[in-house]
Amino acid sequence: MVAWPDAVIQLLSGLTAASILFIVASGLTLVFGAMRVINMAHGSFYMYPAFILATVAGGTAGGDRFWVGLMAAVVLVTLLGGLVEVGVLRRIYDKEHLTQLLATFALVYIFADLALQLWGGAYRSVPVPAGLDGQVEVFGRAFPVYNFFLIGLGVAVGTGLWLLLQRTTLGWQVRALVEDPELLAAAGVNVRRVGTLAFMVGALLAALAGAARAPGITIAPGMDTEILVDAFIVAVIGGLGSVTGAALGALIIGTFQAAGVLLAAEWSSAFIYLAMILVLIVRPSGLLGIPER
Amino acid sequence: MFIYGGDLLTFTKQAKGYGFFEQVKAGGPWDLTLLPALKAEAPAGHVAWSRAPFFAIDTPEVKDFVRRYRAKYNEWPTEWSLLGYTAVQTWAWGVQKAGSFDGDPVAEALAGATVPTIRGSITLRKCDHQAEIPEYIGTIAASPHPEYGFPILENIFVAHPERIMLSCDGAQKLQPR
């Protein structure tokens, strides 16, 4: 029998994982919703900020360099996202899905090789920033303060995204782009610009997640494709194109994984795939997905 | 602990957050791929082991190797750098002795041979051509080494191969026939 304080700690750990998964997957799903493109290079936008942060703040215990590094990383990768949209994706929107998939898949390898050239293959580590590096006692068990920060970040990003999509001009333009790009263009909106901005928001979300997660993981080549698989599962469960769906999918995967570790550790990695299969059998376009138009 | 590399690095960082290292005494392969990455995050006082930590092998040749490696890559050599270098030295010695680049004669020449390398002589035992190399076990220092910039191992105990390697008989018993 599992003691209930352990279950609470495990649930909080699950929420921490869910929070990061949501931020990454919301970017993936936003880009798919707006442009109908699966961006395979989304994982690269998650890996690069971690490497940038490790370069700026690796091996230091100070807090300032961490936050400066985090902001620099997010800004740089967001701009990189803009460059990718204008340079590559814009040219292939009217092509078939396979071409788009292959083009962004090629970017995964190009970015991975470039990272290897820039930073090498050695493991890197970023310490948790000062001020957030302690532990809180939760029902007699220690829980990292930084994980509460990550949970809070997930909630903040969710709220921010909702406000962006519901309350701003860019937001309604993106939603209109999802519904009917031709009509949006006919209304005199620069659809290309909206696409670029939406893609940059997607890159920003991946970058924010990668930089924020960096202190808890090993920064090394391969973290790009690793997160892509998880983010993709989350987005598919939630329904590609739906940000609310991504939040729901992340919560399901996060808690499924956490419960799996507690109840059947040897099977925990199978749990998330099981969840995906179950959802797809019942609802082929995901929990909140809109069927392909 | 029987995880290593990136998995152990991630484990170390997350376990630290949950206060793991205050509650148990852990032992694991925190080697030279991890200690320079972890620096002050390394779990001080816990037991670590490594197969070729350059700071524990006190020969002039290794010192020179470390100096040149550092000059070329601006990094300290990991055990894999040192093991790789001595492996190539061993292979080159075998090629010279066999007078051939072919695998079989080189293997023949190396079986049971004692080969001079930068870390001293290494014997490859005759029965299965395994190199007899010790393991270095120590506790992780509380503060970074002033020159290297990361914590090294202290109170190092050298476990000699005859005490930690499977005997020839023992190894053969486990091999499929």
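Here, every reference points to the structure presented above.
Every value quoted in this text rests on a predicted model; they were computed, and no experiment measured them.

**Describing the nonpolar core**
Here's step 1: Of all hydrophobic cores here, the largest spans 85 residues; its most connected members are Phe22, Phe45, Tyr46, Leu53, Val157, Ile219 and Ile253 of chain A.
Here's step 2: If we skip the residues at most four places from it in the chain, Ile219 of chain A touches Ala50, Phe51, Ala54, Ala122, Tyr123, Arg124, Val126 and Ala214 of chain A.
Here's step 3: The next biggest cluster of nonpolar side chains, apart from the first, holds 39 residues, and it includes Phe21, Trp30, Ala52 and Trp76 of chain B.

**Some thoughts on the pairing of strand β3 (residues 114-117) of chain B**
Two faces, one strand: in a regular strand the side chains alternate between the faces of the sheet.
Residue and element names in this part refer to chain B.
Here's step 1: Alternating residues of β3 divide into Val115 and Thr117, all buried, and Thr114 and Pro116, none buried.
Here's step 2: Looking at chain direction, β3 and strand β4 (residues 120-123) are connected through 4 bridges and run antiparallel. In the sheet register, Thr117 faces β4, and the bridge partner there is Gly120.
Here's step 3: Hairpin connection of β3 to β4: 2 residues between the antiparallel strands.

**Details of the environment of Pro221 of chain A**
All names here are of chain A.
Here's step 1: By secondary structure assignment, the location of Pro221 is in the loop between α8 (191-213) and α9 (223-238).
Here's step 2: As for Pro221 and Tyr123, which are separated by 98 residues in sequence, their C-alpha atoms are 8.4 Å apart.
Here's step 3: Residues in contact with Pro221, not counting those within four places in the same chain, are Met47, Phe51, Leu116, Gly120 and Gly121.

**With respect to the packing of helix α1 (residues 4-35) of chain A against α8 of chain A**
Residue and element names in this part refer to chain A.
Here's step 1: Viewed as axis vectors pointing N to C, α1 and α8 meet at an angle of 165°, and their least axial separation amounts to 8 Å. The orientation of α1 relative to α8 falls into the category roughly antiparallel. In this structure, the crossing between α1 and α8 has a hand that is left-handed. Facing α1, whose interface residues are Ile20, Ile23, Val24, Ser26, Gly27, Leu30, Val31, Ala34 and Met35, α8 presents Gly195, Ala198, Phe199, Val201, Gly202, Leu205, Ala209 and Arg213.
Here's step 2: For the contact of α1 with α8, the per-class residue count stands at 12 nonpolar, 4 polar and 1 charged.

**With respect to the packing of aromatic side chains**
All names here are of chain B.
Here's step 1: All chains considered together, the criterion is met by 26 aromatic pairs over all chains.
Here's step 2: Relative to Tyr69, the ring of Phe65 lies with its centre 5.9 Å away and its plane at 45°, an arrangement referred to as tilted. Of this pair, Phe65 and Tyr69 are both found in helix α4 (residues 60-73), 4 residues apart, which corresponds to roughly one turn of the helix.
Here's step 3: Using a relative accessible area of 6% as the deciding quantity, one classes Phe65 as buried.
Here's step 4: Taking relative accessible area as the criterion, Tyr69 reaches 17% and is therefore assigned buried.

Scoring rules and cut-offs
Residues numbered from 1 in each chain as written. Chains lettered and ligands numbered in written order. Predicted model: local features only at pLDDT ≥ 70, side-chain atom pairs only at ≥ 80, totals over all residues. Heavy atoms only, no water. Core = buried A, V, L, I, M, F, W, Y, C linked by side-chain atoms within 4.5 Å. Buried < 20%, exposed > 50% of the residue type's maximum accessible area, 1.4 Å probe, protein only. Contact = heavy atoms within 4.5 Å. Helix = DSSP H or I, 4+ residues; strand = E, 2+ residues; numbered from the N terminus. Pairing = 2+ DSSP bridges. Axes fitted to C-alpha atoms, helices over the stretch in contact; angles between N-to-C directions. Parallel < 35°, antiparallel > 145°, perpendicular 65-115°, else oblique. Left-handed = near helix turned anticlockwise from the far one by under 90°. Nonpolar A, V, L, I, M, F, W, Y, C, P; charged D, E, K, R; others polar. Phe/Tyr/Trp six-rings, centres within 6.5 Å; stacked < 30°, edge-to-face > 60°.

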